[in-house]
Amino acid sequence: AQSVTQLDSQVPVFEEAPVELRCNYSSSVSVYLFWYVQYPNQGLQLLLKYLSGSTLVKGINGFEAEFNKSQTSFHLRKPSVHISDTAEYFCAVSRGYQKVTFGTGTKLQVIP
Amino acid sequence: DVKVTQSSRYLVKRTGEKVFLECVQDMDHENMFWYRQDPGLGLRLIYFSYDVKMKEKGDIPEGYSVSREKKERFSLILESASTNQTSMYLCASFEGGEGSGNTIYFGEGSWLTVV
């Protein structure tokens, strides 16, 4: 079985400050890893994904994430956040389409 | 770009009513999903379909059924709506297979309130 843990349900951060949203997963086999963003009253949009290769993955809107196999983590980072980054962020792990598991989400609140 | 369209954004239904939530995708994906999203619980898979007329239960299928008569359309059915089914429902389709992006694409969601 696989699972995803997002340790922080809410993360407040001042505008232009850096942010890290944490994600840990557990799986007995190799997985694919994803971060999705959900803006208010909208569906989920893919932010970035790790399938294989370089462990540092760059996504849209200046976000990046690093896959750390030894720590089973896939933390999301942005060096300088903007008000428009206020949203809920979901980490997900997949072994294929039938086994996609989402975390419970982290709400990022950017404070002016 | 992949487009997943959910026909109703906001619905209010009475307890016991039959409810249909419709979803259409335009990228010829074989795999489609229905999720339910609740605060603090993240996304939970209700049903998924990997081909026309094929379906499998997800993690929380009780109280729901699905229909997939055409490849592009996947419907979620609440046979007799109850208040505990008040939630946001997300439809998604999947681009998978060797060399693909292995990415799920979501619709904008349907907010269902059962009173």
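Since this is a predicted model, take the numbers as computed values, not measurements.

### Some details on the overall build of chain A
Here comes step 1: Scanning chain A from terminus to terminus reveals zero helices and 12 strands.
Here comes step 2: Along chain A, helices (α) and strands (β) appear in the sequence β-β-β-β-β-β-β-β-β-β-β-β when read from the amino end.
Here comes step 3: Computed over the C-alpha atoms, the radius of gyration of chain A is 13 Å, within 12% of the 13 Å expected from 2.2 N^0.38 for a compact globule of 112 residues.
Here comes step 4: For chain A, the C-alpha atoms occupy an extent of roughly 40 × 30 × 20 Å along the three principal directions.
Here comes step 5: The buried share of chain A, taken over its 112 residues, is 45%.
Here comes step 6: Of the accessible surface of chain A, which amounts to about 5500 Å², a share of 49% is contributed by carbon and sulfur atoms.
Here comes step 7: Looking at chain A, you have 9 positive and 8 negative side-chain charges, and the mean spots of the two groups are 13 Å apart.

### Focus on the interface of chain B and chain A
Here comes step 1: Between chain B and chain A, the residue contacts involve 25 residues of the former and 19 residues of the latter.
Here comes step 2: Carbon and sulfur atoms supply 59% of the area buried between chain B and chain A, which totals about 1700 Å² over both sides.
Here comes step 3: Among the residues chain B hides against chain A, the three largest losses belong to B:L43, B:N102 and B:F106. Together they make up 26% of the total.
Here comes step 4: The interface formed by chain B and chain A holds zero salt bridges in total.
Here comes step 5: Taken together, the links from chain B to chain A amount to five residue pairs in polar contact (both at pLDDT 80 or more).
Here comes step 6: Secondary-structure elements contributing two or more residues to the side of chain B that touches chain A are strand 5 (31–38), strand 6 (42–51), strand 10 (87–95) and strand 11 (103–106) of chain B.
Here comes step 7: Along the lines of polarity and charge, the residues of the side of chain B that touches chain A split into 13 nonpolar, nine polar and three charged.

### Here's the deal with the pairing of strand 8 (residues 64–68) of chain A
All names here are of chain A.
Here comes step 1: Burial along strand 8 is one-sided: the face carrying A65 and F67 is buried and the face carrying E64, E66 and N68 is not.
Here comes step 2: Examined bridge by bridge, strand 7 (residues 56–58) and strand 8 share three bridges and lie antiparallel to one another. Bridged to L56 within strand 8 is E66.
Here comes step 3: The sheet contact formed by strand 8 and strand 9 (residues 73–78) spans five bridges and is antiparallel. Residue pairing for strand 9: A65 is matched across the bridge by L76.
Here comes step 4: In textbook terms, the turn of a hairpin is the stretch between consecutive antiparallel strands, and for strand 8 and strand 9 this stretch comprises four residues, one of which, T72, has a positive phi near 45 degrees.

### Details of the environment of B:E62
Here comes step 1: Topologically, B:E62 is positioned in the loop between strand 7 (54–57) and strand 8 (65–70).
Here comes step 2: Classification of B:E62 as exposed rests on a relative accessible area of 60%.

### Some details on the side chain of B:S87
All names here are of chain B.
Here comes step 1: By the secondary structure assignment, S87 is in strand 10.
Here comes step 2: The exposure class assigned to S87 is buried, which follows from its relative accessible area of 5%.
Here comes step 3: Not counting chain neighbours up to four residues away, the residues in contact with S87 comprise R36, Q37, D38, S110, W111 and L112.

The rules behind these values
Residues numbered from 1 in each chain as written. Chains lettered and ligands numbered in written order. Predicted model: local features only at pLDDT ≥ 70, side-chain atom pairs only at ≥ 80, totals over all residues. Heavy atoms only, no water. Helix = DSSP H or I, 4+ residues; strand = E, 2+ residues; numbered from the N terminus. Rg over C-alpha atoms; globule rule 2.2 N^0.38 Å. Buried < 20%, exposed > 50% of the residue type's maximum accessible area, 1.4 Å probe, protein only. Areas by Shrake-Rupley, 256 points an atom, 1.4 Å probe, with all protein chains shown as cover. Lys, Arg positive; Asp, Glu negative; His and termini not counted. Charge placed at Lys NZ, Arg CZ, Asp CG, Glu CD. Contact = heavy atoms within 4.5 Å. Buried area = accessible area lost by both parts, 1.4 Å probe. Salt bridge = Lys/Arg side-chain N within 4 Å of Asp/Glu carboxyl O. Polar contact = N/O pair within 3.5 Å; in protein donor to acceptor, adjacent residues only side chain to side chain. Nonpolar A, V, L, I, M, F, W, Y, C, P; charged D, E, K, R; others polar. Pairing = 2+ DSSP bridges.

Honestly, that's just the spatial picture; any functional story needs more than this.
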